Amino acid sequence: HVWSVPNTPSAVCYVRVSDSGDPSIHGISSIFTISPQDPAIILTSANGGEVLEGCASYSVTWRKNDNAIEGAPSNYYDVDLSTDSGQSWVSLATNIYSTNTTPSWSWSEIPNQSYNNCLFRVTDSNDPTKSDLSDSVFTINATTDVQLLSPNGGETWVAGTSQTIQYVKANS
């Protein structure tokens, strides 16, 4: 007999099997555990307590569970950031495609501003019910240790044009 294990976690489980024609014929299992099924998406980093530095890069990581009760994720993901403990969200990336069991997205340049109540959220792009967010807040600290890449001398910029100012966190 194949039994679909229910999502009712317990450390004190037994199975009793009996003959439908003669209930006196039965067997009882030893004690076993039913553990909860992980959701479709499990955010792993930043998951709370981390301190990120402005102007640096950071890899947001998560695990996907193809056996989740709500179904497997679509392999397309969105990454959002909240700087106010989840009251509001800003999209950082959309439709990130990954078939890896541990997908990631590289935030190439963290804004150089200080925030104390940050959360990441990763959501299935095709099914917003499949989502996870940081378990607790992390911090972004502004840095004064910046290396200016452009302009760095010798450029000629014409008035009225748009130019990109490039900088990175300097190596300490």
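The structure presented is a predicted model; accordingly, all values stated were derived computationally and were not measured. (Residues numbered from 1 in each chain as written. Predicted model: local features only at pLDDT ≥ 70, side-chain atom pairs only at ≥ 80, totals over all residues. Heavy atoms only, no water.)

Visitor: Would you explain the overall build of the chain in this entry?
Guide: When helices and strands are tallied, the chain shows zero helices and 15 strands. Here the C-alpha atoms of the chain give a radius of gyration of 25 Å, more than 25% beyond the 16 Å that 2.2 N^0.38 yields for 172 residues. Oriented by its inertia axes, the alpha-carbon framework of the chain measures out at about 95 × 30 × 30 Å. Burial analysis of the chain (172 residues in total) assigns 30% to the buried set. If you take every contact in the chain between residues at least 6 apart in sequence, the share linking residues at least 24 apart comes to 57%. By element, 48% of the accessible surface of the chain is carried by carbon and sulfur atoms, the whole surface being about 10600 Å². (Helix = DSSP H or I, 4+ residues; strand = E, 2+ residues; numbered from the N terminus. Rg over C-alpha atoms; globule rule 2.2 N^0.38 Å. Buried < 20%, exposed > 50% of the residue type's maximum accessible area, 1.4 Å probe, protein only. Contact = heavy atoms within 4.5 Å. Areas by Shrake-Rupley, 256 points an atom, 1.4 Å probe, with all protein chains shown as cover.)

Visitor: What is the right way to look at the sheet that holds strand β10 (residues 104–107) in this model?
Guide: Strand-to-strand pairing in sheets goes through backbone hydrogen bonds, with the strands running parallel or antiparallel. The three strands lie next to each other as β5-β7-β10, forming an open sheet whose pairing is antiparallel. The open sheet terminates on both sides in strands that have one partner only, identified here as β5 (41–45) and β10. The average undirected angle you get between the axes of adjacent strands in this sheet is 25°. The pairing of β5 with strand β7 (residues 58–64) spans four bridges and is antiparallel. Of the residues in β7, the one forming a bridge with isoleucine 41 is lysine 64. (Pairing = 2+ DSSP bridges. Axes fitted to C-alpha atoms, helices over the stretch in contact; angles between N-to-C directions.)

Visitor: It is not clear to me how the pairing of strand β13 (residues 138–141) should be interpreted in this structure. Could you clarify?
Guide: Each regular strand carries side chains that alternate between the two faces of the sheet. Both strand β6 (residues 51–53) and β13 contribute to a ladder of three bridges, which runs parallel. Of the residues in β13, the one forming a bridge with leucine 52 is isoleucine 140. Here two bridges tie strand β11 (residues 115–124) to β13, and the two strands are oriented antiparallel to one another. When the sheet's bridge partners are listed, cysteine 118 is paired in β13 with phenylalanine 138.

Visitor: Mind showing me how you'd approach the environment of serine 74 here?
Guide: Relative to the elements of secondary structure, serine 74 occurs in the loop between β7 and β8 (76–82). The exposure class of serine 74 is partly exposed, given its relative accessible area of 26%. Each C-alpha atom of the pair serine 74 and glycine 154 lies 49 Å from the other, and the pair is 80 residues apart in sequence. One polar contact links the side chain of serine 74 to the main-chain amide nitrogen of tyrosine 76, over a distance of 3.3 Å. A distance of 3.1 Å separates the side chain of serine 74 from the side chain of asparagine 126, its partner in a polar contact. (Polar contact = N/O pair within 3.5 Å; in protein donor to acceptor, adjacent residues only side chain to side chain.)

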